[in-house]
Amino acid sequence: MLADIVDDLRQLENGVTMYNVSCNADVLVVAPLNFIIADNARHSELACHKGAKANFPCRKCFYPMNPAEEDANIDHHNNSTLHSQDDIHALTTNGGSKNLIRMSHDRHTNDLNDLGLKLTGGEVLLGLRVFDQTKDLPIEILHCMMLAITKYIVYSFIKYLRAAETNQLQTKLHTYESNAFGRSMGSCLWLSSTFFVGRDFKFMSQQLPTIINGLLRREWSTLANDRKKVIEIWYNCFVAHGELVSLVYMGQISDDFGEYCRIVHQKVDELTAAIIELEAVCATYHIAGSRVVSKTSKLHILHHLRDDLVRFAPAIHFESEKGEQFNKFIRERIFHTNRHNSSRDVLTLFGRQFIF
């Protein structure tokens, strides 16, 4: 199906003659493909990449899955060698082999498959002159932040808290009052709670730093020093994360966009440093249930967010949350089919609605 779509996109890229009612004449319409909005798995497929489980899990650069300890730092996140269209061309022309493909630290390999690249069908996008698969698949903040980094931090923090502390935190969230929020958290925070959605993580990312700060000053002020120190490290992580979230969800920057991009990149570095410090503390105190997030592909790919901001616009304009919300209507429609060919039935219905 992608090949057929690319044929249509190529025609739009070259220009299509259409009738303009206001001009009462035929006009040439040129509409090249600028970018594609999708989640990480689909973006990896379009970029001819193996995905998050590859040896090099980033679709934008050669960041290794398990970097050496001396490489597991912020500089390594920022300085890995970038992918290029030449790598995908080599994948299609040389059967997955190309001499001297550069990786981070100038290591070399003769096999592109070892670098996380493979033929997925996305190579047909090479037929477009304007579209660049290594640059025009912008980072999707719902799946890379709310349902990834935010989720990891929140769940690990809840698991660390004792029952009484969880109850206190839950009460604060339910009774949080601010003119900036139109609703409060309705979900419980017990260890079995795994049904938060993106908007819940949005609220928690902004409310938890204030709430935890208040609890540390009052209800949790009498905790043991070691336990209080660990919670303070978590608090620092929530502060860095909340500052980044407040920046990436801005819809418009009216002045000095370059400075905005610089600050966003700085906050990504600060969040990475806070998570690395948190993981070191969890390892020191042997805290069960903590995860190694600092080396994950979803945290790493945020270090490319500045490039997407410069190339396109604020990240909220290419997030997929509105498309995810449409799943509700698709699910409701499937309930009214015999489920023998649900994809066809759903596409037929919504295709008719789109035409009308």
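Predicted, not measured: the structure shown is a model, and the values here were computed from it. (Residues numbered from 1 in each chain as written. Predicted model: local features only at pLDDT ≥ 70, side-chain atom pairs only at ≥ 80, totals over all residues. Heavy atoms only, no water.)

S.K.: How should the nonpolar core be read in this particular structure?
M.R.: Nonpolar side chains in soluble globular proteins tend to be buried together. Ranked by size, the top nonpolar core spans 62 residues in total, and within it Ile-149, Phe-157, Trp-220, Ile-231, Trp-234 and Leu-271 carry the most contacts. Contributions of two or more residues to this core are made by α5 (141-160), α6 (163-174), α7 (198-217), α8 (225-248), α9 (257-284), α10 (297-301) and α11 (305-311). Considering each element in turn, this core owes the most residues, 14 residues, to α5. Non-local contacts of Phe-157, meaning those with residues more than four positions away in its chain, are made with Leu-169, Ile-212, Trp-220, Ile-231, Trp-234 and Phe-238. (Core = buried A, V, L, I, M, F, W, Y, C linked by side-chain atoms within 4.5 Å. Buried < 20%, exposed > 50% of the residue type's maximum accessible area, 1.4 Å probe, protein only. Helix = DSSP H or I, 4+ residues; strand = E, 2+ residues; numbered from the N terminus. Contact = heavy atoms within 4.5 Å.)

S.K.: Quick question: what am I supposed to make of the packing of α8 against α9 here?
M.R.: Angle between the axes and distance between the axes are the two parameters that describe a pair of packed helices. Where α8 meets α9, the closest approach of the two axes is 9 Å, and the angle between their N-to-C directions is 160 degrees. Classified by the angle between their axes, α8 and α9 sit roughly antiparallel to one another. In this structure, the crossing between α8 and α9 has a hand that is left-handed. Partitioning the contact of α8 with α9 into residue classes produces 18 nonpolar, two polar and four charged. (Axes fitted to C-alpha atoms, helices over the stretch in contact; angles between N-to-C directions. Parallel < 35°, antiparallel > 145°, perpendicular 65-115°, else oblique. Left-handed = near helix turned anticlockwise from the far one by under 90°. Nonpolar A, V, L, I, M, F, W, Y, C, P; charged D, E, K, R; others polar.)

S.K.: Mind showing me how you'd approach a positive patch on the surface here?
M.R.: Together, Lys-53, Lys-151, Lys-159 and Arg-291 line one region of the surface with positive charge. Tracing the backbone shows Arg-291 in the loop between α9 and α10. (Patch = residues over 30% accessible without salt bridge, like charges linked within 9 Å, V, L, I, M, F, W, Y side chains within 5 Å. Areas by Shrake-Rupley, 256 points an atom, 1.4 Å probe, with all protein chains shown as cover. Salt bridge = Lys/Arg side-chain N within 4 Å of Asp/Glu carboxyl O. Lys, Arg positive; Asp, Glu negative; His and termini not counted. Charge placed at Lys NZ, Arg CZ, Asp CG, Glu CD.)

S.K.: I tried to follow α6 on my own but got confused; where do I start?
M.R.: Note that an α-helix has 3.6 residues per turn; residues three or four places apart therefore point the same way. Here α6 is twelve residues long and its end C-alpha atoms lie 16 Å apart, about the 16 Å a rise of 1.5 Å per residue gives. For α6, the complete set of buried residues consists of Glu-165, Thr-166, Leu-169, Gln-170 and Leu-173. Taken end-on, α6 shows its buried residues confined to a sector of 135 degrees, consistent with a single buried face. (Expected span 1.5 Å × (residues − 1). Arc of directions from axis to C-beta.)

S.K.: Just checking my understanding: could you explain empty space enclosed by the protein for this structure?
M.R.: To find leftover empty space, a probe the size of one water molecule is rolled over the atoms. A complete count under the given rule lists two cavities of 30 Å³ or more for this structure. In this structure, the largest cavity encloses a volume near 90 Å³. Elements with a minimum of two residues in the lining of the largest cavity: α5 and α9. Counting residues per element, the lining of the largest cavity draws most heavily on α9, which supplies four residues. Taken together, the residues of the lining of the largest cavity break down into seven nonpolar, two polar and two charged. Roughly 40 Å³ of internal volume is contained in the second largest cavity. Lining of the second largest cavity is provided by Ala-47, Arg-59, His-83, Ser-84, Asp-87, Ile-88, Leu-117 and Thr-134. (1 Å grid on protein atoms, 1.4 Å probe; cavity = no way out; pocket = protein on both sides within 12 Å on 5 of 7 lines; lining within 4 Å. Points joined across faces, edges and corners; volume = space filled by probe spheres on them.)

S.K.: Got a minute to help me understand the pairing of strand β2 (residues 25-29) in this structure?
M.R.: Both strand β1 (residues 16-20) and β2 contribute to a ladder of five bridges, which runs antiparallel. Counted as the bridge partner of Thr-17 is Leu-28 from β2. Hairpin remark: β1 followed by β2, antiparallel, with four residues in the connecting loop; positive phi at Asn-24, about 55 degrees. (Pairing = 2+ DSSP bridges.)

Distances and angles like these do not, on their own, reveal function.
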